[in-house]
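A closer look at the structure
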Amino acid sequence: MKKLDVVIPCLNEERVLESSINTLLKFLKQNMNQYKYNITIADNGSTDSTFKIARKLSKEHLEVRVIRLTKRGRGRALKKAWKMSDADIVSYMDVDLSTELAAFPPMIDAIANKGFQIGTGTRLAKESKTKRGFKREFISRTYNLLVKLIVNTKYSDAQCGFKAIDKQTFQKLLPHLKDNEWFLDTELLTIAEKTGHKIYEIPVLWIEDPDSRVKLIDTAIKYIRDLFTIRFRLNKIKKVLKHEVK
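These numbers were taken from a predicted model, which means no experiment stands behind them. Think of each chain on its own: its residues are numbered from 1, step by step along the sequence as written. Residue-level local features of this predicted model are given only where pLDDT is at least 70; pairs of side-chain atoms are given and counted only at 80 or more, and the full residue set underlies all totals for whole chains, interfaces and linings. The side-chain figures draw on all heavy atoms in the structure; neither hydrogens nor water molecules are used.

1. Considerations on the packing of aromatic side chains
Between 30 and 60 degrees the pair is tilted, below 30 it is stacked and above 60 it is edge-to-face, where a pair is any two Phe, Tyr or Trp rings, Trp via its six-membered ring, whose centres lie within 6.5 Å. All chains considered together, the criterion is met by 6 aromatic pairs. On the numbers, 6.0 Å between centres and 70° between planes, the contact of Phe104 with Phe162 is edge-to-face. Here Phe104 is found in helix α4 (residues 104–113), whereas its partner Phe162 is found in strand β7 (residues 162–166), with 58 residues between them in sequence. Using a 1.4 Å probe on the protein chains alone, a residue whose accessible area is under 20% of its type maximum counts as buried, one over 50% counts as exposed, and one in between counts as partly exposed. On the accessibility criterion, Phe162 (0% relative accessible area) is buried. Runs of E in the DSSP output that reach at least two residues are strands. Runs of H or I that reach at least four are helices, and both are numbered from the N terminus.

Dropping the structure here:
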């Protein structure tokens, strides 16, 4: 039986953490019994009651565990949680569960049984359904267009917070993953695609969290700078990894 780890990165999420973990636990029990699974809450620098709630949940549920980082950064939290995990497949989703959980089983199945190394949700496929404001929609689509123009990628959605990866593949890519914040998603998908790994994209239903604290414009500007950086790193990365791709 394959092991599955679902990581939930958290920063000051006392408002939704407990209800989201309970919802996720119920879903996993009903739909993912073919795997031995656990949920890892990765608290990265919370100053509210997030860690206290996470500890409480870990005591109430054997499937829930907690790690705590003093430094903030979603990318940092994911890399640490995935590196520590003993699972065959590691994954993550946003704590607000903005992506409909129905997409999770087929995404994991693609990695476990169909020869893909990475699975990711896409909000930009024809079959996808999203509910978000015009500003966020415009910035997201513009950013994904820039990704294609700057690094010439085939995947459609660089930043959907809904991903999974074969642990062995993650270990190979980890030395080349430099970002510790939100750009990690783009970095991971780009390096994986450019080194010949198979990416499974699944259309999702995605509903915007009105409480999101991401500074869209500032973050997008940083992303563009990071895109040019990774473009110049790709040749070196491909040389290192070319003999390791399955």
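Text resumes after the structure shown.
2. Some thoughts on the packing of helix α1 (residues 17–31) against helix α2 (residues 50–60)
Two elements in contact, α1 and α2, have axes separated by 10 Å at closest approach and are oriented at 30°. In terms of orientation, α1 lies roughly parallel with respect to α2. The way α1 lies across α2 gives a crossing that is right-handed. Where α1 abuts α2, its residues Leu17, Glu18, Ile21 and Asn22 lie against Thr50, Ile53, Ala54, Lys56, Leu57 and Glu60. Side-chain classes are defined by residue name, with Ala, Val, Leu, Ile, Met, Phe, Trp, Tyr, Cys and Pro counting as nonpolar, Asp, Glu, Lys and Arg as charged, and the others, Gly among them, as polar. Grouping the amino acids of the contact of α1 with α2 by side-chain chemistry returns 5 nonpolar, 2 polar and 3 charged. Interaxial angle, 0 to 180 degrees, is taken between N-to-C directions of lines fitted to C-alpha atoms, where a helix line uses only the stretch in contact. Orientation categories follow fixed angle ranges, with anything under 35 degrees roughly parallel, anything over 145 roughly antiparallel, 65 to 115 roughly perpendicular, and all other angles oblique. Left-handed is the label given to a crossing in which the near helix is rotated counterclockwise from the far helix by less than a right angle, and right-handed is the label when the rotation is clockwise. Contacts are assigned to residue pairs that have any heavy atoms within 4.5 Å of one another.

3. Some remarks on the environment of Glu14
With respect to the helices, strands and loops of the structure, Glu14 is situated in the loop between β1 (3–10) and α1. As for Glu14 and Ala54, which are separated by 40 residues in sequence, their C-alpha atoms are 9.0 Å apart. Excluding its chain neighbours within four sequence positions, the residues that come into contact with Glu14 are Asp48, Ser49, Thr50 and Ile53.

4. A short note on the side chain of Arg74
Relative to the elements of secondary structure, Arg74 occurs in helix α3 (residues 74–84). With residues up to four places along the chain from it excluded, the contact list for Arg74 reads Pro9, Asn44, Tyr92, Asp94, Gln159, Gly161, Asn180, Glu181, Trp182 and Asp185.

Shape is all these values report; function is a separate question.
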